[in-house]
Amino acid sequence: MKKILWITERFPPMSGGMSTSAQRQVSLLRRNGYQVDVMVFVPREVEDIKLDVKNRDCGNDIFILYADSIANATQKGWQTVLEYSRCEKYDLIVGFGCNQPGLIATTYACWLGVPSMVSVRGNDFDRDWFDSRRHAMVADTLSRADTVCCVTQEKVDKIQALYSNKMYPDKLVTWLPNGIDTDAYKVFAQEHEKINSLRDELGAGSKWIIGIFGEIKYKKRIPFLIEVLRSNNLFDKVSLLLVGKMDYHVDSIFKDHSLVPQFKHISFRSQDEIALYYNACDFVAIPSMFEGFPNVLLEGMVCGNVPLVSDSGAMPEVISHKLNGFIFKTEDYESASASVIDALAMDKREYQTISDNARQTVLDRFSQEHELESLKSIIETTINSYALRA
């Protein structure tokens, strides 16, 4: 059994896409013959650095709580790594994110003499590469990592350009798209009454229902979508279902009901509940300025939602315009208007065809079985290539 240390800053019970993806990949590996210890660095109001260990099947969840500097917490982390590898050495250390978790993972791996793998999620690279305070951390992480896997092909291309084969001949930079457990988004017969009630409340008989899920932040460009709908006189054709936490900027817009179409806002829902709300929607909207590979995209698609998305992040690798969704140029008003108008002009037959195609795309290409096979292949290649060089 291969032994892996997985370092992250987001893991359940924390919410958000990073936490969801980390848990999914760790759980897949634990269920398929890998021992995975997860080390989570968590800023909390504690008097001193605190270690909270939860024993799991095929691994441990190790939470390191700290109040002040993460630098002190990483020393506690290193002592813990030495303790947990005393009887059996780790075969690989993974940094989930190319910023702080990646730096910790690649450093620990060098000290232990084992290979490292860094998972670039999207925003960590987009945001931090050009931040003068964090650039050196990201650059050092990517230079030290034996393998860099990215959720978008766009990030693969960018990182390969920065770390060319001539300078880094042994570095593997590869695409590892997200996957989801498609069975987890099925709804039970008794839930259809609640779905229909929610749709009726939002006027489904005369309006399309557009879902917006997750962290509803300014960078997700919800105000941009609202402006596209308003300026094209489409408020009377849609209702919005927002599921997640709004930031201040978005919340201030929705407080003035004259600025937005009919909507309903619901706080975060657990994975057990979320399928019900996806199934109450006709479309899932992701008009983001920049993205990685949003779990929301696949979750909505497998529930039959037709995507209305920008071409940021992994979206162009998933969506074929007017075949399994509608895609527009990021921050391009004319492109977004054309896509939204075309989407809302569909008849029921056209809608159903694209809805079926969206669901089938996930089943064919982005199931958790596909993600597991890709993840295992990358892990084994990284470990074996390192052994050959040693």
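Check the entry above for the structure.
Residues numbered from 1 in each chain as written. Predicted model: local features only at pLDDT ≥ 70, side-chain atom pairs only at ≥ 80, totals over all residues. Heavy atoms only, no water.

Chemist: I'm lost on the nonpolar core in this one. Help?
Modeler: In terms of nonpolar packing, the biggest core is built from 37 residues, with Tyr 185, Phe 213, Leu 241, Tyr 277 and Leu 297 touching the most fellow members. Contributing elements (two or more residues each) for this core: helix H7 (192-201), strand S9 (208-213), strand S10 (238-243), helix H10 (271-278), strand S12 (283-286), helix H11 (295-302), helix H12 (315-318) and helix H14 (348-365). Residue contacts for Leu 297: discarding those within four places in its chain leaves Ile 286, Pro 307, Val 309, Met 315, Val 318 and Ile 319. Core analysis: the next-biggest nonpolar cluster, separate from the first, contains 32 residues, Ile 216, Met 246, Ala 285 and Ile 354 among them. (Core = buried A, V, L, I, M, F, W, Y, C linked by side-chain atoms within 4.5 Å. Buried < 20%, exposed > 50% of the residue type's maximum accessible area, 1.4 Å probe, protein only. Helix = DSSP H or I, 4+ residues; strand = E, 2+ residues; numbered from the N terminus. Contact = heavy atoms within 4.5 Å.)

Chemist: What is the right way to read the side chain of Asp 131 from this model?
Modeler: Position of Asp 131 relative to the elements: it lies in the loop between helix H4 (123-128) and helix H5 (135-144). A distance of 2.9 Å separates a polar atom in the side chain of Asp 131 from the backbone nitrogen of Arg 133. (Polar contact = N/O pair within 3.5 Å; in protein donor to acceptor, adjacent residues only side chain to side chain.)

Chemist: What exactly am I supposed to notice about the sheet that holds strand S2 (residues 34-43) here?
Modeler: In a beta sheet, neighbouring strands pair by backbone hydrogen bonds and run either parallel or antiparallel. With mixed pairing, eight strands are arranged side by side in an open sheet as S3-S4-S2-S1-S5-S6-S7-S8. Among the strands making up the open sheet, the edge pair consists of strand S3 (50-56) and strand S8 (172-175). Across the sheet, the mean angle separating the axes of adjacent strands is 20 degrees when strand polarity is ignored. Note that strand S7 (residues 147-150) and S8 share four bridges and pair parallel. In the sheet register, Cys 149 faces S8, and the bridge partner there is Thr 174. Contacting strand S6 (116-120), S7 and S8, helix H6 (residues 153-162) runs over the sheet at an angle of about 160 degrees to S8. (Pairing = 2+ DSSP bridges. Axes fitted to C-alpha atoms, helices over the stretch in contact; angles between N-to-C directions.)

Chemist: Could you clarify how one ought to interpret the sheet that holds S12 in this entry?
Modeler: Pairing within the open sheet is parallel, and its six strands lie in the order S11-S10-S9-S12-S13-S14. The sheet is open, and its two borders are formed by strand S11 (262-266) and strand S14 (326-328), each paired with just one other strand. Taken over all neighbouring pairs, the strand axes of this sheet differ in orientation by 20 degrees on average, direction set aside. H14 contacts S9, S12, strand S13 (306-310) and S14 of the sheet and is inclined by roughly 75 degrees relative to S13.

Chemist: Looking at this model, I keep getting lost on H6. Mind explaining?
Modeler: Side chains that are three or four residues apart share a direction in an α-helix, a result of its 3.6 residues per turn. Listed as buried for H6 are Lys 155, Val 156 and Ile 159. One side of H6 carries all its buried residues, which in axial view fall inside an arc of 105 degrees. The inward-facing, buried residues of H6 abut S6, H4, H5, S7 and S8. (Arc of directions from axis to C-beta.)

Chemist: Mind showing me how you'd approach the packing of helix H3 (residues 100-112) against H5 here?
Modeler: When two helices pack together, their arrangement is given by the angle between the helix axes and the distance between those axes. For the pair H3 and H5, the least separation of the axes is 9 Å and the interaxial angle reads 45 degrees. With respect to H5, the axis of H3 lies oblique. Crossing handedness for the pair H3 and H5: left-handed. When H3 is examined against H5, the residues Gln 100, Gly 102, Leu 103, Thr 106 and Cys 110 are found in contact with a partner set consisting of Met 137, Asp 140, Thr 141 and Arg 144. (Parallel < 35°, antiparallel > 145°, perpendicular 65-115°, else oblique. Left-handed = near helix turned anticlockwise from the far one by under 90°.)

Chemist: Would you mind going over the packing of helix H2 (residues 70-84) against H3 with me for this structure?
Modeler: Interhelical geometry of H2 versus H3 gives an angle of 40 degrees and a closest axis separation of 11 Å. One way to sum up the angle between H2 and H3 is to call them oblique. Crossing of H2 over H3 shows right-handed handedness. Contacts between H2 and H3 involve Ile 70, Thr 74, Gly 77, Trp 78, Val 81 and Leu 82 on the former and, on the latter, Gln 100, Ile 104, Tyr 108, Trp 111 and Leu 112. Of the residues belonging to the contact of H2 with H3, the class tally is eight nonpolar, three polar and no charged. (Nonpolar A, V, L, I, M, F, W, Y, C, P; charged D, E, K, R; others polar.)

These values are about where atoms sit, not about what they do.
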